[in-house]
Amino acid sequence: MFEKLEQAIGYTFRDKSLLKLAMTHPSYAGETHVHNQRLEFLGDAVLQLCTSVRLYKQYPDLPEGKLSRLRARCVQESALEVAARRLHLGENLLLGIGEERGGGREKPSILADAMEALLGAMYLDGGMEDARRLIEAVVPIADAPRVHDYKTEYQELAQSVTGETPVYRIVGEEGPAHMRTFFAEVELCGAVTGRGEGSSKKHAEQQAARDALSRQGL
């Protein structure tokens, strides 16, 4: 029933009933009250923890307050809606007749809730690692370059020392279209001074600049 969805997330459920439950909107459940809201509750906690660890590792210099604000942007409805659309969750939702007629498959709140429910189901079925992998693949790090612009910092440092401007290039990519990982290098004065990877080309370049700064690659 949900074979295409399992292909999209790169995970096969052992307990298929968990996946069905994650896609069951309260409007479909009717009087049985068997729907995805409990999984949504669990998925929110999984998302918060995985995102916290992700940000803690990615931005070692950010204080707690900035990390908290960045996490809030990463787990907000709009970010989860983007992730849900990447996975075409709307096509897989089980909706009541009224919600179906009302365009429920396209409603941001329903898509975001379903994304959280899916994460909760994956956690119960396979554990934290599988849920973490999906989060890192489809949930964007919101406004990350503006939190700490490593490219600008490295460019200013490089120009002050060498008079040259760093050059970035994408040297590889892997994974399916909705879970792409990009690999970048930064070059200065003819030599590779940093390497990085990320879920977007910009993120990969930021990580390459960060690597160059950590090495003081000049």
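Further up the page is the structure itself.
Given the structure is predicted, the values throughout are model-derived calculations rather than measurements.

What counts, and at which threshold
Residues numbered from 1 in each chain as written. Predicted model: local features only at pLDDT ≥ 70, side-chain atom pairs only at ≥ 80, totals over all residues. Heavy atoms only, no water. Disulfide = S-S within 2.5 Å. Buried < 20%, exposed > 50% of the residue type's maximum accessible area, 1.4 Å probe, protein only. Pairing = 2+ DSSP bridges. Helix = DSSP H or I, 4+ residues; strand = E, 2+ residues; numbered from the N terminus. Axes fitted to C-alpha atoms, helices over the stretch in contact; angles between N-to-C directions. Contact = heavy atoms within 4.5 Å. Nonpolar A, V, L, I, M, F, W, Y, C, P; charged D, E, K, R; others polar.

Draft legend 1. Broad picture of the state of the cysteines. By the definition in use, this model includes zero disulfides. We note that cysteine 74 lacks a disulfide partner, and the nearest cysteine sulfur, in cysteine 50, lies 12 Å from it. Overall, cysteine 74 belongs to the buried group, its relative accessible area being 1%.

Draft legend 2. Region of the structure containing the sheet that holds strand 3 (residues 191–198). Pairing within the open sheet is antiparallel, and its three strands lie in the order 1-2-3. Looking at strand neighbours, the two that pair on one side only are strand 1 (167–174) and strand 3, the edges of this open sheet. Between one strand axis and the next, the sheet turns through 20° on average, direction left out of account. Strand direction decides the pairing type here: strand 2 (residues 181–188) and strand 3, joined by seven bridges, are antiparallel. Bridged to valine 186 within strand 3 is glycine 194. Against the sheet, helix 11 (residues 150–162) touches strand 1, strand 2 and strand 3, its axis set at about 15° to strand 2. Relative to strand 3, helix 12 (residues 201–215) is tilted by about 135°, and along the sheet it contacts strand 1, strand 2 and strand 3.

Draft legend 3. The packing of helix 8 (residues 108–126) against helix 9 (residues 128–138), seen in detail. In contact at an axis separation of 7 Å, helix 8 and helix 9 are set at 150° when each is read in the N-to-C sense. On the side of helix 8, the interface is formed by Met115, Leu118, Leu119, Met122, Tyr123 and Gly126, while helix 9 contributes Met128, Asp130, Ala131, Arg133, Leu134, Ile135 and Val138. Split by residue class, the contact of helix 8 with helix 9 holds ten nonpolar, one polar and two charged.

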